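Fold and geometry: a report
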Amino acid sequence: MRAYIRILLLAFFCALCAWAKPPQTGIQVTTKSSQARAYFDQALARQQTLHLDEALDGFRKAVQADPQFALGHMLLSYFSQDPAEQVSERDKALASKELVSREEQLLIDWLSDSSKGQWIPAIQAMNDLQSQYKNHREIAWLSGMWLTNQQQWGRAIEMYRRAIEIDHNFADAWNSVAYCYARTRDFEKAFAAMKRYTGLLPKEPNPQDSFAEISRMGGKYDDALVHYRAALKLDPKFISSQVGIADTYALMGDEKRARAEYAVALKQTTDKVQSILWALQAATTYVRENNDSAADTAFQAVVRQAHENDLGNLEAEAYRAMSLYQKKGATALELLAKAEAVLHEDHKVSQALLDQETAAILRARVDRAAQEGNFDLASATLKKLETLTNSSSDAAVALAYDGASGTLLLAQGNYAEAIPHLEEDDRDPFSMQRLVQAYEKNGAKDGARHIAENLAGFNEPSIEQAIVVPAFRTKFSKAASH
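Reading the values: rules and limits
Residues numbered from 1 in each chain as written. Predicted model: local features only at pLDDT ≥ 70, side-chain atom pairs only at ≥ 80, totals over all residues. Heavy atoms only, no water. Helix = DSSP H or I, 4+ residues; strand = E, 2+ residues; numbered from the N terminus. Buried < 20%, exposed > 50% of the residue type's maximum accessible area, 1.4 Å probe, protein only. Contact = heavy atoms within 4.5 Å. Lys, Arg positive; Asp, Glu negative; His and termini not counted. Charge placed at Lys NZ, Arg CZ, Asp CG, Glu CD. 1 Å grid on protein atoms, 1.4 Å probe; cavity = no way out; pocket = protein on both sides within 12 Å on 5 of 7 lines; lining within 4 Å. Points joined across faces, edges and corners; volume = space filled by probe spheres on them. Nonpolar A, V, L, I, M, F, W, Y, C, P; charged D, E, K, R; others polar. Axes fitted to C-alpha atoms, helices over the stretch in contact; angles between N-to-C directions. Parallel < 35°, antiparallel > 145°, perpendicular 65-115°, else oblique. Left-handed = near helix turned anticlockwise from the far one by under 90°. Expected span 1.5 Å × (residues − 1). Arc of directions from axis to C-beta. Phe/Tyr/Trp six-rings, centres within 6.5 Å; stacked < 30°, edge-to-face > 60°. Lys NZ or Arg CZ within 6 Å of the ring centre and 35° of its normal. pLDDT = per-residue confidence, 0-100. Salt bridge = Lys/Arg side-chain N within 4 Å of Asp/Glu carboxyl O.

1. Regarding the overall build of the chain
The helix and strand tally for the chain stands at 26 helices and 0 strands. The principal-axis extents of the C-alpha atoms in the chain amount to approximately 65 × 45 × 40 Å. Taken over 482 residues, the chain has a buried fraction of 59%. Contacts spanning at least 24 positions in sequence make up 58% of the contacts within the chain whose residues lie at least 6 apart. For the chain, the separation between the mean place of its 54 positive charges and that of its 63 negative charges on side chains is 4 Å.

What follows is the structure, given as structure tokens:
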């Protein structure tokens, strides 16, 4: 699933409330309407198994039945992929916050402050929640989600294991810990956790979908296709598995088949955000084919679609994606300027999303300027990115800064100084490729070999993967054969 980290965070919030019925083990849910609570419970049940559209429909009905249902508004804000709905529902949650329990208030503070990019109060609310309700399995899980979002896989695993100790049948915990193991390339433990998760929910499609994604991450493409199809057999409307099939064919190099599979998924969704995200994935298939002209046409269509739907962050992302594969530096920088200009327009998008995309754009500009030998532009842009990083505790922003810093230092020949920055950004193909170079230049052959193996086995369907990994695999395979 393309948005794995966010979906897992949302899935946990569902579990956080669904397990609230025994008051001693979960958060209190405050609503004055029994009908709202019924819709809410039904939505949580669907969200927990990642039937996302049905869950969103239930949450919307819940807050319609009780307009002062603060936690309902907050969870709808986070479950929704629509930036405007995220903002409006967050504000409604804050307006009714004083009517709910202390635990709900802390949760609302944490999530709302995070979405506004106010990281210090967000972290304070999270810490208060954890310390005051530390024996709740849901709080342990919530801590794991936070650490996952910060890409601190080892610490996240500890929290997931703690949640599992509290409840060995905690299905979502097994799912999440499996992904963390896979992120650290400990696939033996990842598959063991997935088998447990699948056993707990044998009739649900998401365990098969997750099993498929982790299989694909491990390079087991055929197994991934089997599990995705098993998910669709359980539920033909589980569209994320249809997208997973398309992603898998894209990574296998069968781009024409991938586009056909994306088209099937696009016909099945009415969600404007999903349509744009999947269209971005389909456009990326042309990049893997080195067909820049077709890629430009496809990405420009996504730009128009995002603009028409007032999704500024996705419009900017499409421009940025186009910039990454351009042969001419001037064209790339022009596209990045367009991307940045879009973010300065008036869009109803959370500050956190704006900050993340701004950081990604600035990082791309540093990369391109350094590649062109324009160190003045690279340094000036890196300074802007540093300022943004210092005002935020967002992991995505910090990683963009480290990737950009390492790139510039490497281009300037400062290999030893580049290494610690690039090591921080070790899930980005560009940074991984440059880390191999920095290790080699610094005489660290073992480190270079280890990262090269990880990069060659990087199987996540991103634009960065499409640009870096296929060519790197060819070079890596030739080097290994000599």
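2. Topic: empty space enclosed by the protein
This model, assessed by the stated rule, comprises 3 cavities of 30 Å³ or more. A volume near 60 Å³ is recorded for the second largest cavity. Residue lining of the second largest cavity: Ala-182, Arg-183, Arg-185, Phe-187, Met-217, Arg-427, Gly-457, Phe-458, Asn-459 and Glu-460, and that is the complete set. Grouping the constituent residues of the lining of the second largest cavity by class yields 4 nonpolar, 2 polar and 4 charged.

3. Considerations on the packing of helix α10 (residues 171-183) against helix α11 (residues 187-200)
Running from amino to carboxyl end, α10 crosses α11 at an angle of 160°, the nearest separation of the two axes being 8 Å. As the angle between them shows, α10 and α11 are arranged roughly antiparallel. Between α10 and α11 the crossing geometry is left-handed. Taken together, the residues of α11 that come into contact with α10 (itself represented by Ala-171, Asp-172, Trp-174, Asn-175, Val-177, Ala-178, Tyr-181 and Ala-182) are Phe-187, Lys-189, Ala-190, Ala-193, Met-194, Arg-196, Tyr-197 and Leu-200.

4. A look at the packing of helix α22 (residues 395-411) against helix α24 (residues 429-441)
Two elements in contact, α22 and α24, have axes separated by 10 Å at closest approach and are oriented at 35°. At the point where α22 passes α24, the crossing takes the left-handed sense. Residue-level inspection shows Gly-403, Thr-407 and Leu-410 of α22 in contact with α24, the latter providing Ser-431, Arg-434, Gln-437 and Ala-438. Of the residues belonging to the contact of α22 with α24, the class tally is 2 nonpolar, 4 polar and 1 charged.

5. With respect to helix α15 (residues 255-268)
A rise of 1.5 Å per residue sets the reference length of α15, with its 14 residues, at 20 Å; its end C-alpha atoms lie 20 Å apart and thus fit the reference within 8%. Among all positions of α15, only Glu-255, Ala-258, Glu-261, Tyr-262 and Ala-265 are buried. Down the axis of α15, the sector holding all buried residues measures 120°, keeping them to one side. Exposed positions of α15 whose direction lies more than 90 degrees from the buried face are Lys-256 and Lys-267.

6. Considerations on the packing of aromatic side chains
All chains considered together, the criterion is met by 6 aromatic pairs. Summarising the aromatic geometry, the rings of Phe-59 and Phe-79 are spaced 4.7 Å apart at their centres and angled 45° between planes, so their arrangement reads as tilted. Of the two residues, Phe-59 sits in helix α3 (residues 52-65) while Phe-79 sits in helix α4 (residues 70-79), which places them 20 residues apart along the sequence. Looking at Phe-59, the relative accessible area reads 0%, which means it is buried. Joined through ring pairs, the aromatic side chains of Phe-40, Phe-59, Phe-69 and Phe-79 make up one cluster. Directly above the aromatic system of Tyr-286 lies the positively charged group of Arg-259, at a separation of 4.1 Å from the ring centroid.

7. Structural notes on the confidence of the model for the chain
Residue-level pLDDT values for the chain average 90, and 93% of them are 70 or greater. Confidence drops under a pLDDT of 50 for residues 1-25, and excluding neighbours within four residues, the segment shows 81 contacts in the predicted structure.

8. A closer look at the pattern of salt bridges
Applying the stated rule across the entire model yields 25 salt bridges. Residues Asp-109 and Lys-97 are paired through a salt bridge, measuring 2.8 Å at the closest nitrogen-oxygen approach. Within this pair, whereas Asp-109 is found in helix α6 (residues 102-115), its partner Lys-97 is found in the loop between α5 (83-95) and α6, the two being separated by 12 residues in sequence. Lys-97 gets classed as buried once you look at its relative accessible area, which sits at 16%. Lys-383 is the partner of Glu-386 in a salt bridge, and the nearest nitrogen-oxygen pair spans 3.6 Å. Note that Glu-386 and Lys-383 are positioned in helix α21 (residues 375-390) at a spacing of 3 residues, about one turn of the helix. Here Glu-386 falls in the partly exposed class, since its relative accessible area comes to 26%. Shared partners join several salt bridges into a network, and the residues in it are Arg-363, Asp-367, Asp-425, Asp-428 and Arg-434.

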